[in-house]
Structures are given as structure tokens and as C-alpha cells.
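# Structural description and commentary
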Amino acid sequence: MAKANILITGGSGLVGTRLTEILLEKGYNVSHLSRKQDLTHKVKKYRWDPTNSFIDLNSLQNVDHIIHLAGAGVADKRWTDERKAEILSSRINSTKLLFKALSNGKHKIKSLISASAIGYYGFSSSKEIFEEKDKPSNDFLANVTKLWEDEVDEINQLNIRTVKLRIGVVLTNKGGALPKIVMPIKLFAGSSLGSGEQIVSWIDLDDLCNMFVYAIENSNMNGAYNAVAPNPISYSELTEFIGKVLNRPIWPISVPRFLLKIAVGEMEVVVSESCNVRNKRIAEETDFKYRFTNVLDCLKEYLS
């Protein structure tokens, strides 16, 4: 039996690249929406330009499911007013464009599986543990994520099943947060950040990608799910485990928050404060199986 056709937005990013590999390995047909068209390869790239509201409608032909990952990287650059506007608009404009393209009804798309973020709940020094039913916070990232999810919900009104995966800190040696944390530890300059007590809600890259595949294959999934591993840890525990795997010391002196604020500005809250998230719906409503539920095992996979 032929596998379904999957269209990915943001397919060239960290998650999209690995997810494409996994889907192809499983026998799915995969295409991307991209700023540059290339129809010569196995993974065809159809052109779209959300900033100027352009999408090649040929990209939707014979597509069964859309995986929506597009959006400017939250931690890639300092949060100037211009960058914050780009982080928001890249998510809103791309989702609005998908809604407009899908509204004409000339497609057979059954579901849209969208990235979201645990930033929905906000970052704070609170000990509160968040579940999917909890309301969004009102800081910058929470507002971005809420508005993004609102646009995804509009697509749900088109009788297209929508799933929103609120993604935690993705661990992999291919990019993202882990190599940045590892670098000073490798150089014998490892220490914690801020209090070190802030909670990191993490997930292995392959587990995240497999969760997207699971959401495609299980039509009973609807709405928001926290895409995190079952056992969040503190930042100091994370650095200690990395030091253990690399056989490097972690110095007892933490980098104070005021220095982090000078270095990265407003974005400092993402690394200095907690977002303690529970994977309640994945754990209780699905039989999804994780590769890694223990962060030390995950780190050994990538750093040994």
C-alpha cells in the first residue's frame, strides 16, 4: 500500500531536515515549501513567500498531510524590536497563507500538524508544572505562541484535523541548544547559568520527529500536546550530566543573570527561568514510545 504524501514547511531547519529523513525511511513521499523552487530532486521544493502572500498551489496537489514548522529561530539573534517583529510575522503570515490556500477546497488534505512551543506557558521562577489545559502567559514568547496557535485553529475550521506540538528544548548534536551548552564544558569552562535551579523541559530530536509522524498516523490526535520528555531536569543537573559524559569539571560558580542580560538582552529569560512542562496528553491519551526518557542516556547517545 502506497504511503501518504507529506508537505513540510520549514523543511530545511534542524527539525525539518531530520524529520524529512525519517519520513523517507518510512516510505512516505515528502515535498517542501521553500523560498527557492527545485523540482528535480526526490524531495521537491515548491516556492512560497509568506511575506508577499505567494504560494505555488501545485504544492498542494495530492498532498495528504501538512507539517508546519516554518518560523524565524527564536534564539538565533538578539531580540531587537525588528527581530521580535520577524519572529511573530514569520509564524503568523505563513499560517495565514496556508489558511488562504486551503480555503479554496481544491485539495485532499486530511490534517495539519503544526509546531508550537512550550513558551506558550511563559518562563518564570515559579515552581508551577504546566499541562495542556493551562492558559498562556502574557510575555513576548507566550503572546507569539498564542497568536500562532490561533491561526492554526482557523485551519481546523476548514474541517482539517489540526495538532499543535508545543516543543521543549530539543537535544541533538546537530544544532540547537546542546552544542552551545557543551562548548564551554569541553573547554574546561563549564558552569551553570543563573540560579541553576531553573527547569529544562527537554526532548530528543528523533523523539520529536517521531511524534510528528505519530500525529500523522493517529487520526484521534487533535489539539495541543506538550512535546517534551517525561522527566524534566534542572539546568545545573543538565550541565553536571554533560560534564560526566565528557569527563569535564563543572565549576561551582554560576554565570549571574545580569551578565547574561548584557550578553543576550531580553532573551536571557529563556535560559535563566523555568518552564516546567508535563507531557500529560501524550502520556495518558496515546501509546507513543520515547527513545529517551532519561536525559543522561540521551546525552550519552550524542556526546560519547
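Our structure's up above, just so we're on the same page.
Source: prediction; values computed, not measured.

## As for the packing of aromatic side chains
The tally for this structure, following the rule as stated, stands at 5 aromatic pairs. For the pair Tyr120 and Tyr121, a centre-to-centre distance of 5.3 Å together with 80° between the ring planes defines the contact as edge-to-face. There is no split in this pair, since Tyr120 and Tyr121 are both buried. Look at Tyr214 and Phe288: their rings are 5.7 Å apart centre to centre, the planes differ by 85°, and that puts the pair in the edge-to-face class. Of this pair, Tyr214 sits in helix H5 (residues 205-217) while Phe288 sits in the loop between helix H9 (280-285) and helix H10 (295-303); the two residues are 74 residues apart in sequence, bridging distant segments of the chain. With relative accessibility at 13%, the residue Tyr214 sits in the buried group.

## Quick notes on the packing of helix H4 (residues 177-186) against helix H6 (residues 235-246)
For the pair H4 and H6, interaxial distance at closest approach is 10 Å and the crossing angle is 60°. Comparing the axis directions of H4 and H6 gives the class oblique. Considering the relative orientation of H4 and H6, their crossing is right-handed. Judged by residue contacts, Leu178, Ile181, Val182, Ile185 and Lys186 of H4 engage Tyr235, Leu238, Thr239, Ile242, Gly243 and Leu246 from H6. Residues that form the contact of H4 with H6 fall into these classes: 8 nonpolar, 2 polar and 1 charged.

## Remarks on the nonpolar core
Ranked by size, the top nonpolar core spans 76 residues in total, and within it Ile67, Phe212 and Ile242 carry the most contacts. By residue number, the principal contributor to this core is H5, which donates 9 residues. Not counting chain neighbours up to four residues away, the residues in contact with Phe212 comprise Val15, Leu19, Ile67, Leu69, Ile113, Ser114, Ala115, Leu165 and Ile167. By size, the runner-up hydrophobic cluster in this structure holds 15 residues, among which are Ile118, Tyr121, Phe140 and Val144.

Reading the values: rules and limits
Residues numbered from 1 in each chain as written. Predicted model: local features only at pLDDT ≥ 70, side-chain atom pairs only at ≥ 80, totals over all residues. Heavy atoms only, no water. Phe/Tyr/Trp six-rings, centres within 6.5 Å; stacked < 30°, edge-to-face > 60°. Buried < 20%, exposed > 50% of the residue type's maximum accessible area, 1.4 Å probe, protein only. Helix = DSSP H or I, 4+ residues; strand = E, 2+ residues; numbered from the N terminus. Axes fitted to C-alpha atoms, helices over the stretch in contact; angles between N-to-C directions. Parallel < 35°, antiparallel > 145°, perpendicular 65-115°, else oblique. Left-handed = near helix turned anticlockwise from the far one by under 90°. Contact = heavy atoms within 4.5 Å. Nonpolar A, V, L, I, M, F, W, Y, C, P; charged D, E, K, R; others polar. Core = buried A, V, L, I, M, F, W, Y, C linked by side-chain atoms within 4.5 Å.

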